Amino acid sequence: MAFSLEEINFRTVADPKEFIEEADAVYDKRVDHVADLIIRNLAQSPIVLLSGPSGSGKTTTSMKISQTLERKGVRTHYIGLDDYFKTVDPKTSPRTPEGEIDLESPLCLDFDLLNKHFDQLSRGEKIYVPKYEFSRQMRVTESSRSVQLKKDEIVVFEGIHALNDRITEAHPEAFKLYLSARSNVVFQDKVVFKSTWFRLVRRLVRDYNFRGADPAVTMGMWSNVRRGEKLYISPFKHKANYQFDTSFPYELAVMNETATNLFQTVPEGIERYEELKSVLPALQLFGVIDEKYVTPDAMIREFIGGGALYS
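In short, a report on the structure. Sequence positions are assigned chain by chain, starting from 1 and proceeding in written order. Per-residue local features of the predicted model are confined to residues with pLDDT of at least 70, and side-chain atom pairs are confined, for both listing and counting, to 80 or more; whole-chain, interface and lining totals are unaffected and use all residues. The side-chain numbers reported here are obtained from all heavy atoms of the structure, hydrogens and water having been left aside.

**Brief notes about the packing of helix H6 (residues 195-211) against helix H7 (residues 215-233)**
What counts here: Each axis is a line fitted through C-alpha atoms, taken for helices only over the stretch in contact, and angles between the N-to-C directions span 0 to 180 degrees. Runs of H or I in DSSP of at least four residues are treated as helices and runs of E of at least two as strands, each being numbered from the N terminus. The cut-offs work like this: below 35 degrees is roughly parallel, past 145 is roughly antiparallel, 65 to 115 is roughly perpendicular, and the gaps in between are oblique. In this scheme the handedness of a crossing depends on how the near helix is turned from the far one: anticlockwise by less than a right angle means left-handed, clockwise means right-handed. Two residues form a contact once any of their heavy atoms are found within 4.5 Å. Residues are grouped as follows: Ala, Val, Leu, Ile, Met, Phe, Trp, Tyr, Cys and Pro are nonpolar; Asp, Glu, Lys and Arg are charged; every other residue, Gly included, is polar.
At a minimum axis distance of 10 Å, the contact between H6 and H7 shows a crossing angle of 140 degrees. By the criterion of interaxial angle, the relationship of H6 to H7 is oblique. By crossing handedness, the relation of H6 to H7 is classed as right-handed. The residues of H7 that touch H6, namely those facing Thr196, Arg199, Leu200, Arg203, Leu204 and Asp207, are Pro215, Thr218, Met219, Met221, Trp222, Val225, Arg226 and Glu229. Across the contact of H6 with H7, the residue classes break down as seven nonpolar, two polar and five charged.

**Structural notes on the sheet that holds strand E10 (residues 184-187)**
Threshold: A strand pair is defined by DSSP finding two or more bridges across the two strands.
Read from one edge to the other, the open sheet built from three strands follows the order E1-E10-E11, with strand pairing classed as mixed. Strands with a single pairing partner mark the edges of an open sheet, and in this sheet they are strand E1 (2-4) and strand E11 (190-193). The sheet shows a mean angle of 50 degrees between the axes of neighbouring strands, taken without regard to direction. Pairing analysis gives three bridges linking E10 to E11, with the strands arranged antiparallel. In the sheet register, Phe187 faces E11, and the bridge partner there is Lys190. Helix-sheet contacts for helix H1 (residues 5-14) involve E1, E10 and E11, and the interaxial angle to E1 is about 55 degrees.

**Some points on the side chain of Glu251**
Selection rule: Think of it in three bands: residues with accessible area under 20% of the maximum for their type are buried, residues over 50% are exposed, and the middle band is partly exposed, with areas taken using a 1.4 Å probe on protein chains only.
Considering the arrangement of structural elements, one finds Glu251 in helix H8 (residues 251-263). Looking at Glu251, the relative accessible area reads 0%, which means it is buried. Every residue in contact with Glu251, bar those within four places of it in the chain, is listed here: Phe198, Arg202, Thr246 and Ile300.

**Section: unusual backbone geometry**
Although it is not a glycine, Gln188 sits at a positive phi angle of roughly 50 degrees. With respect to the secondary-structure elements, Gln188 resides in the loop between E10 and E11. At Arg272, a position not held by glycine, the phi torsion is positive, near 65 degrees. Structurally, Arg272 is set in the loop between H8 and helix H9 (273-283).

**Regarding the nonpolar core**
Definition in use: The set of buried Ala, Val, Leu, Ile, Met, Phe, Trp, Tyr and Cys residues whose side-chain atoms join them within 4.5 Å is what this entry labels a nonpolar core.
Counting 62 residues, the largest nonpolar core has Leu177, Val185, Phe193, Val201, Tyr250 and Phe263 as the members making the most contacts within it. Here this core gets nine residues from one element, more than from any other, and that element is helix H2 (residues 16-41). Contact partners of Leu177, with chain neighbours within four places excluded, come to Val34, Leu49, Leu50, Ser51, Ile65, Leu163, Ala240, Tyr242 and Phe244.

**A short note on helix H4 (residues 111-122)**
Put simply, the test is: Helix span is expected to be 1.5 Å times the residue number reduced by one.
The terminal C-alpha atoms of H4 lie 16 Å apart, and with twelve residues this matches the ideal 16 Å at 1.5 Å per residue to within 8%. Next to the buried residues of H4 lie strand E2 (47-51), strand E4 (127-129), strand E7 (145-147), strand E8 (153-158) and helix H5 (165-168). Directly after H4, the chain includes Gly124, whose backbone phi takes a positive value near 80 degrees.

**Describing the pattern of salt bridges**
Note the threshold: For this analysis, a salt bridge means a side-chain nitrogen from Lys or Arg found within 4 Å of a carboxyl oxygen belonging to Asp or Glu.
Enumeration according to the criterion identifies 20 salt bridges in this entry. Here Glu153 ties to Arg75 by a salt bridge, and the two come within 3.6 Å at their closest N and O atoms. Of the two residues, Glu153 sits in strand E8 while Arg75 sits in strand E3 (residues 75-80), which places them 78 residues apart along the sequence. Its relative accessible area of 44% is what places Arg75 among the partly exposed residues. The closest approach of N and O atoms between Lys239 and Asp165, which form a salt bridge, is 3.0 Å. Here Lys239, found in the loop between H7 and strand E12 (242-245), pairs with Asp165, found in helix H5; they are 74 residues apart in sequence, far enough to count as distant. Of the residues examined, Lys239 reaches a relative accessible area of 25% and is grouped as partly exposed. By relative accessible area, Asp165 is classed as partly exposed at 27%. When salt bridges with common partners are traced through the structure, they connect Arg11, Asp15 and Glu22 into a single cluster.

In structure tokens:
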């Protein structure tokens, strides 16, 4: 799918409130559709596997899908795959080409325990979800919580490796969902803003707003993030039962002022410098929408703040 720059800029000025409401309605319709697909698959499996690259809006979208399922009579449990990380062992942990421990690698996950828990949940047995402390890069002794599914209950396992072959081939009956901002912006049949840049802008704005991160640090990580996506996430997206596009035609106008200021600080010499510096002139093609028009429960609030789902 592609958005038209001309239409975006016209509606940014003409009717920003209605523009946002219409785009949010499209997103909400997708959420409702996915919920129905999950319910339809419940007879085969109570397991939902949710994956997607950084900046895809996985947190908010999974919450909204859960809320929709609850309204339809299906209780939802959420488990992050991060808690299934193995304790880092400098002798055996995977490493990047530069020799650093590669925490993006699927080899960091305890697939044996994951697959065992999937089987137990499908049989209605109780599992004890492990607990991982990233500050110490180790799994701690106590579990984070227990989960046991009853009738009309599902569990969503969310993580970048959720669609990895070592999971999906062992559990082909699970419902598989892939999320990403997948729309380009075009002008006169030419792409003027890439779909991957949506996620870059989101991540930069979110890290600045919520984590006080120096934009140079976030930009410096982008190359490794993209490497991990190409190696470990994108190759498995075709496994999904549904690929969910989380991009919004209005979001660049809402984040434009903050993002423009941040992209003015791209440090020279950084890896992927040519790509990063080209985002700024692309951003300047868009107008500006005041974020007051964005509803508190909108997905974009995950990145700009002020969201009702996170209060």
